[in-house]
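The residues making up each chain are set out below.
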Amino acid sequence: MPYKEKPIEKLYYTIGEVSQELDVNASLVRFWAGKFPEFIKPARNKKGNRLFTARDMANFKVIYYLVKERGMTLEGAAKRMKDNITGEDKRVEVISRLTAIKEKLLGISEALGNKENAEEDEGY
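Residues numbered from 1 in each chain as written. Predicted model: local features only at pLDDT ≥ 70, side-chain atom pairs only at ≥ 80, totals over all residues. Heavy atoms only, no water.

1. Observations regarding the pattern of salt bridges
Taken as a whole and judged by the stated rule, the model has 4 salt bridges. With a shortest N-O distance of 3.6 Å, glutamate 21 and lysine 61 are connected by a salt bridge. Residue glutamate 21 is located in helix 1 (residues 15-22), and its partner lysine 61 is located in helix 3 (residues 54-69); the two are separated by 40 residues in the primary sequence. Note that lysine 79 and aspartate 83 form a salt bridge whose closest N and O atoms lie 3.1 Å from each other. Of the two residues, lysine 79 and aspartate 83 are both situated in helix 4 (residues 74-83); the distance of 4 residues between them amounts to about one turn of the helix. What makes lysine 79 exposed here is its relative accessible area of 51%. (Salt bridge = Lys/Arg side-chain N within 4 Å of Asp/Glu carboxyl O. Helix = DSSP H or I, 4+ residues; strand = E, 2+ residues; numbered from the N terminus. Buried < 20%, exposed > 50% of the residue type's maximum accessible area, 1.4 Å probe, protein only.)

2. A short note on the confidence of the model for the protein chain
Averaged over the protein chain, the pLDDT score is 84; the fraction of residues at 70 or greater is 84%. Mean pLDDT in the protein chain bottoms out at helix 5 (residues 91-122), which sits at 80, and peaks at helix 2 (residues 26-35), which reaches 93. (pLDDT = per-residue confidence, 0-100.)

3. A look at a nonpolar patch on the surface
Judged by side-chain polarity, Val94, Leu98, Ile101, Leu105, Ile108 and Leu112 come together as a nonpolar surface patch covering roughly 570 Å² of accessible area. Tracing the chain through its elements places valine 94 in helix 5. (Patch = residues over 30% accessible without salt bridge, like charges linked within 9 Å, V, L, I, M, F, W, Y side chains within 5 Å. Areas by Shrake-Rupley, 256 points an atom, 1.4 Å probe, with all protein chains shown as cover.)

4. As for the sheet that holds strand 3 (residues 50-52)
Strand order in this open sheet of 3 strands is 1-3-2, and the pairing throughout is antiparallel. Either end of the sheet is taken by a strand with one partner, and the two such strands are strand 1 (13-14) and strand 2 (43-44). With 2 bridges joining them, strand 1 and strand 3 adopt antiparallel strand pairing. Each residue of the ladder has a partner; that of threonine 14, found in strand 3, is leucine 51. (Pairing = 2+ DSSP bridges.)

5. Focus: the nonpolar core
Formed by 21 residues in total, the largest nonpolar core has its most connected members in Val18, Phe36, Ile40, Phe52 and Phe60. Those elements that provide at least two residues to this core are helix 1, helix 2, helix 3 and helix 4. Those residues in contact with phenylalanine 36, other than ones at most four positions away along the chain, are Ile63, Leu74, Ala77, Ala78 and Met81. (Core = buried A, V, L, I, M, F, W, Y, C linked by side-chain atoms within 4.5 Å. Contact = heavy atoms within 4.5 Å.)

6. Remarks on helix 3
Look at helix 3: 21 Å from first C-alpha to last across 16 residues, which is about the 22 Å you get at 1.5 Å a residue. Asp56, Met57, Asn59, Phe60, Ile63, Tyr65, Leu66 and Val67 are the residues of helix 3 that are buried. Glycine 71 sits one or two residues past helix 3 and shows a positive phi near 75°. (Expected span 1.5 Å × (residues − 1).)

Structure below.
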């Protein structure tokens, strides 16, 4: 059985890493952290930089989904998150997994397409 490396889970993410993951500005991450204090509780290092946990990152993804993709207001997103505090709404996680699967399948399809084109060029 081949060895499979597990993806490395970070303990803390910087504001830059969060903004890069969500493809938004760092100022928007700071704004959301201030607007959703019951869901996002950043730790601070000695320099005062915000450090977000994996749970905070998951909450940011939910906020992004509700506000940017579903078009909800900040108040509506906060209410939705409060109503769903048990975590029953896993749509964001499912969407991110499906997107990753889609990217892998597109890569495989592209690789197969390139292989077929190469075989046609060789006269097979």
